[in-house]
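One letter stands for each residue in the lines below.
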Amino acid sequence: MSDPSIPTPPAKPPGLTRSSRVWRAAIIGGVLVVTVVAFGYVGGWLAPHRLTPARIVNQLQADAGMFPGYRRNHAKGVCVAGYFQSNGQAQAYSDAQVFAPGRTPVVGRFAIPGGNPYAPDSSVPIRSMALRFALANGQQWRTGMNSMPVFPVATPQAFYEQLQAQQPDPATGKPNPAKVGAFFASHPETAAFLAWVKTAKPSASFATESYWSLNAFVFVDANGTRHPVRWRMVPQSSAAAGDVQKAGDADYLDADLTQRLAQGPLRWHLQVTLADPSDPTNDATKAWPTDRHEIDAGTLELESTQPQESGPCRDINYDPLVLPAGIEASDDPLLPARSAAYATSYLRRTSEEAHLPGTAAAHAKPETQP
Amino acid sequence: MNSSSPRFTLAARVLHWLMAAMILAMLFIGVGMVASVSERHDWLIRIHKPLGIAILILVVLRLAVRLRHPPPPLPADLPALQKLAALASHWLLYALMFALPLIGWAMLSAGGYPVMLSESLRLPPIFPVSPTAFAVLRHAHAWLAMLLFLTFLAHLGAALYHGLIRRDGVLSSMTGVRLR
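Now for a description of the structure that goes with this document. (Residues numbered from 1 in each chain as written. Chains lettered and ligands numbered in written order. Predicted model: local features only at pLDDT ≥ 70, side-chain atom pairs only at ≥ 80, totals over all residues.)

**What to know about the overall build of chain A**
Then comes step 1: Helices and strands together make up the secondary structure of chain A, namely seven helices and ten strands.
Then comes step 2: Whereas a compact globule of 370 residues would reach a radius of gyration of roughly 21 Å, chain A reaches 26 Å, over 25% beyond that.
Then comes step 3: Its C-alpha atoms put chain A at 100 × 60 × 40 Å along the principal axes.
Then comes step 4: Per-residue burial over chain A gives 42% buried out of 370 residues.
Then comes step 5: A fraction of 73% describes how many contacts in chain A between residues 6 or more apart in sequence connect residues 24 or more apart. (Helix = DSSP H or I, 4+ residues; strand = E, 2+ residues; numbered from the N terminus. Rg over C-alpha atoms; globule rule 2.2 N^0.38 Å. Buried ≥ 20, exposed ≤ 12 C-beta atoms within 10 Å, placed from the backbone. Contact = placed C-beta atoms within 7 Å.)

So this is what it looks like as structure tokens:
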């Protein structure tokens, strides 16, 4: 230490030689380049083959066409509202507030799969029900369910390949049957879905369908014990013999729903299936055996419907990973992919809604309506 | 150690290095989670939200420390343009450290999402539900994060330039260790 009373000039380090300066500059450049490359890799820009949410949504758009402002899948739908009346029976398995006895308000949406909001209701045999439960404690439970017991594929990669195979051939405007056939032939896990689809008919009503969670989730009880589950909504209404869609009407589901709700609320029972330790939680193509323990957790009561263009469901992203305390994701690989792709779809359609630069104008009518 | 090269206070140095690690992790988590469909997507988002709020709390503390203990002066012989760049980039870093967590929080609020920091810890919304505001805020969050990454690169490059080439005590005022 120098005597502080004697002012000393700052000790200048000895000057660097020219080669030393170059070396040191190269080290600095190297550190920066490595940082940028690592960032580019993690962000996917330098990993073009990685399956990203954007690629899945791009493929959905390639299959269905562009309909600005609409969801990229399950684009045709209608808003519904009501509540869930819990009977308390699921409380032993999940301490989510929604399962305590009482009512939780619900904003939901019925839809048909596909990215075309003008597709005829009879074009697919599948219907979907999405729900957002708004819990009193401010938490939410969002779920998107389909009217089939199993999903065609088990992984995001296989789902992406299925979408690729179903992309319309530019020459015919229709998917190439050879490609679709080849996809299913090389994906034996689709067998259960294909068996279901063979017997399935486009229903004349949303009200008469059961809706399955497809993916497994985990209920967590008050002691922290985890219970793998799947759930489904079972309708109280059943299809009458005369329930057939009117020929030539592309939008019969909406009319049917309005007509039924004018007569009174529509009800479903929330049936929760508890898994056996041997049941797969990571494979939505496999149904669990029918003898599993089931709980009737309560009744969903839907009271009103509104068009999706103006109703409260329009701005809700039914992300299946928005879950309250007491319900968790399982190890099903489809769940994070659904969450990620829904977020991308939501950002695209809200950007179109906001007329942000670089987005297509929202609510533009398609050039040709089917 | 040279008595003539003043250092940042211990509090400032601890906050700097702690937040440096958190912010760098946050930038990688952010770009990684939105480019993934695997289980990483879910668990990175679970880290992203509480980490962002932790950064917001720490930057409030850090600004208070900085205003109370002004940083050591830059070397007298530093060119004026470099001095200006240093000043501007530091205030930009502060602005972004405040803006990014707040915009993230506002964006989730505008999207109607519950702002969950854990299984059951929920923050109140700070913005009314609005899909168009969500879109604007979501894009702003991404673009400002890119700006933060670029500012971080400039900061890192400048720090190494001071430490390895100019060797003027600027880097050691934050590391507390003088490189030769």
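**As for helix H7 (residues 334-353) of chain A**
Residues and elements named next belong to chain A.
Then comes step 1: Taking 1.5 Å as the rise per residue, H7 with 20 residues should run 28 Å; its terminal C-alpha atoms sit 28 Å apart, in good agreement.
Then comes step 2: Summarising burial for H7: 20 of the 20 residues are buried, a large majority.
Then comes step 3: Note on H7: the residue one or two positions beyond its end, His 355, has a positive phi of about 55 degrees. (Expected span 1.5 Å × (residues − 1).)

**Observations concerning unusual backbone geometry**
Residues and elements named next belong to chain A.
Then comes step 1: Of note, the phi angle at His 74 is positive, near 55 degrees, even though the residue is not glycine.
Then comes step 2: Looking at where His 74 falls in the secondary structure, it is placed in the loop between helix H2 (53-64) and strand E1 (76-86).
Then comes step 3: You will see that His 355, though not glycine, has its phi angle at about 55 degrees, which is positive.
Then comes step 4: Positionally, His 355 belongs in the segment after H7.

**Focus on the interface of chain A and chain B**
Then comes step 1: Contacts between chain A and chain B engage 45 residues on the former and 38 residues on the latter.
Then comes step 2: Elements with a minimum of two residues in the side of chain A that touches chain B: helix H1 (18-42), H2 and H7 of chain A.
Then comes step 3: For the side of chain A that touches chain B, the leading source of residues is H1(A), giving ten residues.

**Things to note about the packing of H7(A) against helix H4 (residues 131-166) of chain B**
Then comes step 1: It is the contact of H7(A) with H4(B), at a shortest axis distance of 8 Å, that shows an interaxial angle of 110 degrees. One finds that H7(A) runs roughly perpendicular with respect to H4(B). Considering the relative orientation of H7(A) and H4(B), their crossing is left-handed. Seen from H7(A), the contacting residues are Leu347(A), Thr350(A), Ser351(A) and Glu353(A); seen from H4(B), they are Pro131(B), Thr132(B), Phe134(B), Ala135(B) and Arg138(B). (Axes fitted to C-alpha atoms, helices over the stretch in contact; angles between N-to-C directions. Parallel < 35°, antiparallel > 145°, perpendicular 65-115°, else oblique. Left-handed = near helix turned anticlockwise from the far one by under 90°.)

**A short note on the environment of Ala11(B)**
Then comes step 1: Its place among the elements puts Ala11(B) in helix H1 (residues 10-34).
Then comes step 2: As for Ala11(B) and Ala140(B), which are separated by 129 residues in sequence, their C-alpha atoms are 31 Å apart.

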